[in-house]
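Tertiary structure, described
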Amino acid sequence: MQRILVTGASRGIGLELVRRFLDRGDRVVATARKPGAATELNRLAFAHPGRLSVLPLDLAKPHSIDELVRELPLVAESIDVLVNNAGVLPTRERFGALEARHLEETFRVNAMGPVLLTQALAPLFARSGAAKVMNLSSVLGSIAERDAFYTPSYAISKAALNMGTRLLAHALADQGVTVFAIHPGWVRTDMGGPNADLSVEESARGLIAVLDRVGPADAGRFLTFEGRELPW
Ligand SMILES: NC(=O)c1ccc[n+]([C@@H]2O[C@H](COP(=O)([O-])OP(=O)(O)OC[C@H]3O[C@@H](n4cnc5c(N)ncnc54)[C@H](OP(=O)(O)O)[C@@H]3O)[C@@H](O)[C@H]2O)c1
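Residues numbered from 1 in each chain as written. Predicted model: local features only at pLDDT ≥ 70, side-chain atom pairs only at ≥ 80, totals over all residues. Heavy atoms only, no water.

**As for the overall build of the protein**
Within the protein one finds 6 helices and 7 strands. Listing each helix as α and each strand as β along the protein from the N terminus yields β-α-β-α-β-α-β-α-β-α-β-α-β. Over its C-alpha trace the protein gives a radius of gyration of 17 Å, about what one expects of a compact globule, namely 17 Å for 232 residues. Overall size of the protein, expressed as C-alpha extent along the three principal axes, is 50 × 40 × 35 Å. When the accessible surface of the protein is split by element, carbon and sulfur atoms take 54% of a total near 11,100 Å². Counting 26 positive and 25 negative side-chain charges, the protein places the averaged centre of each group 2 Å from the other. (Helix = DSSP H or I, 4+ residues; strand = E, 2+ residues; numbered from the N terminus. Rg over C-alpha atoms; globule rule 2.2 N^0.38 Å. Areas by Shrake-Rupley, 256 points an atom, 1.4 Å probe, with all protein chains shown as cover. Lys, Arg positive; Asp, Glu negative; His and termini not counted. Charge placed at Lys NZ, Arg CZ, Asp CG, Glu CD.)

**Re the pattern of salt bridges**
With the rule as written, the count across this model stands at 14 salt bridges. Notably, a salt bridge pairs aspartate 218 with arginine 221, separated by 2.5 Å at the nearest N-O pair. Under the relative-accessibility criterion, arginine 221 is labelled partly exposed at 25%. Several salt bridges share partner residues, and in doing so they unite Glu16, Arg19, Arg20, Glu40 and Arg43 into one network. (Salt bridge = Lys/Arg side-chain N within 4 Å of Asp/Glu carboxyl O. Buried < 20%, exposed > 50% of the residue type's maximum accessible area, 1.4 Å probe, protein only.)

**Considerations on the packing of helix H1 (residues 12-23) against helix H2 (residues 39-47)**
Between H1 and H2, whose axes approach to 11 Å, the crossing angle comes to 5 degrees. By the angle class used here, H1 and H2 are roughly parallel. Residues Leu15, Val18, Arg19 and Leu22 of H1 lie in contact with H2, whose contacting residues are Glu40, Leu41 and Leu44. For the contact of H1 with H2, the class distribution of residues is 5 nonpolar, no polar and 2 charged. (Axes fitted to C-alpha atoms, helices over the stretch in contact; angles between N-to-C directions. Parallel < 35°, antiparallel > 145°, perpendicular 65-115°, else oblique. Contact = heavy atoms within 4.5 Å. Nonpolar A, V, L, I, M, F, W, Y, C, P; charged D, E, K, R; others polar.)

**Observations concerning unusual backbone geometry**
Phi is positive for arginine 92, which is not a glycine, with a value near 60 degrees. Along the polypeptide, arginine 92 turns up in the loop between strand E4 (81-84) and helix H4 (100-121). A positive phi is found at threonine 151, a non-glycine position, where the angle reads about 35 degrees. Here threonine 151 lies in the loop between strand E5 (132-136) and helix H5 (152-173). Among the residues examined, threonine 151 registers a relative accessible area of 12% and is labelled buried.

**Side note on a nonpolar patch on the surface**
A contiguous nonpolar patch, built from Phe95, Leu98 and Phe149 and spanning about 340 Å² of accessible area, is present on the exposed surface. Of note, phenylalanine 149 is situated in the loop between E5 and H5. (Patch = residues over 30% accessible without salt bridge, like charges linked within 9 Å, V, L, I, M, F, W, Y side chains within 5 Å.)

**Considerations on the side chain of serine 78**
Along the chain, the position of serine 78 falls in the loop between helix H3 (62-71) and E4. A residue is classified by how much of its surface remains accessible, and serine 78, at 17% relative accessible area, is buried. Excluding residues that lie within four positions of it along the chain, serine 78 makes contacts with Arg3, Leu124 and Ala126.

**Details of the sheet that holds strand E2 (residues 27-32)**
Spatial ordering of the open sheet is given by E3-E2-E1-E4-E5-E6-E7, a layout of 7 strands whose pairing is parallel. Two strands in the sheet have a free side with no partner beyond their single neighbour: strand E3 (52-56) and strand E7 (222-224). The sheet shows a mean angle of 20 degrees between the axes of neighbouring strands, taken without regard to direction. Relative to E3, E2 runs parallel, the two sharing 5 bridges. Paired with threonine 31 across the two strands is leucine 55, which belongs to E3. In the packing of H3 onto the sheet, contacts are made with strand E1 (3-6), E2 and E3, and the angle to E3 comes to roughly 145 degrees. (Pairing = 2+ DSSP bridges.)

**Concerning the site of the ligand**
As a structural note, the neighbourhood of the ligand is formed by 30 residues, with Ser10, Arg33, Tyr154, Val187 and Thr189 the closest of them. Between the ligand and threonine 189, the relevant distance is 2.5 Å, taken from an oxygen atom to a side-chain nitrogen or oxygen of the residue. Calculation on the ligand without its partners gives an accessible area of 900 Å², and the protein chains cover 94% of this total. In terms of residue class, the shell around the ligand is built from 14 nonpolar, 11 polar and 5 charged. (Near = heavy atom within 4 Å. Polar contact = N/O pair within 3.5 Å; in protein donor to acceptor, adjacent residues only side chain to side chain.)

**Quick word on the packing of H1 against helix H6 (residues 200-213)**
For any two helices packed against each other, one specifies the inter-axial angle together with the distance between the axes. Closest axis-to-axis distance for the H1/H6 pair is 9 Å, and the angle between their directions is 60 degrees. With respect to H6, the axis of H1 lies oblique. With respect to the hand of their crossing, H1 and H6 are arranged in right-handed fashion. Side by side, H1 and H6 meet where Gly12, Ile13, Glu16, Leu17, Arg20 and Phe21 of the first sit next to Val200, Glu201, Ser203, Ala204, Arg205, Leu207, Ile208 and Leu211 of the second. Split into classes, the residues belonging to the contact of H1 with H6 amount to 8 nonpolar, 2 polar and 4 charged. (Left-handed = near helix turned anticlockwise from the far one by under 90°.)

What follows is the structure, given as structure tokens:
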């Protein structure tokens, strides 16, 4: 049994990860911007009494992170795994019409939020030497792979998250926490759209398989949901 915190768990990949962690007996803290509206999470909490807590978190707002950190000890005294899953992708951006508000909001949610949250939760990471932080990045944030002007706010924010991953891996190495970045594949969610390659089930299965097998030697790596290395 592990204690796992998943951000952005109201839908998509985050929700499927929560389902699977619960199915195998883990205790989960799932965050949502609006817990009251997260119908499926609340149903899961009802179906798994005492094993799923749903707490509010808006990663664009640092005070929301502070509030989560204040509330968390009421439901979990330590954390074995943090899954920084929440993310946003502004659509229809094009060169010549980029807007500061899209760049800023995306950076806040996709890069700044996960880094600040990980920092804030560091005192709660289990002292077992086996704690892990899995950052949901994207191949679209790989500078080496980029060959076209496409989803700029998202790509810039995920490249920043990748650097954040690397820095956090160093910051938390002495505590024995393995921080790594992972691309979940192109997945049929609200973000990925209906034509994507993978179902949430296929992606989540791969993500959890990688999560289970990484250890300190994998800290600071950028992997795919199949465990392949991605270029930065
Ligand atoms: N789907 C893909 O093909 C794909 C590919 C590569 C990487 N990824 C990454 O995988 C992760 C999950 O993606 P997904 O496809 O499951 O996305 P999704 O279906 O669009 O779900 C996004 C989740 O993030 C939450 N969220 C959005 N803004 C937030 C904020 N300000 N604070 C806290 N939570 C917020 C959403 O909550 P609300 O319900 O409140 O909006 C929702 O739970 C993301 O980091 C994404 O970048 C996805």
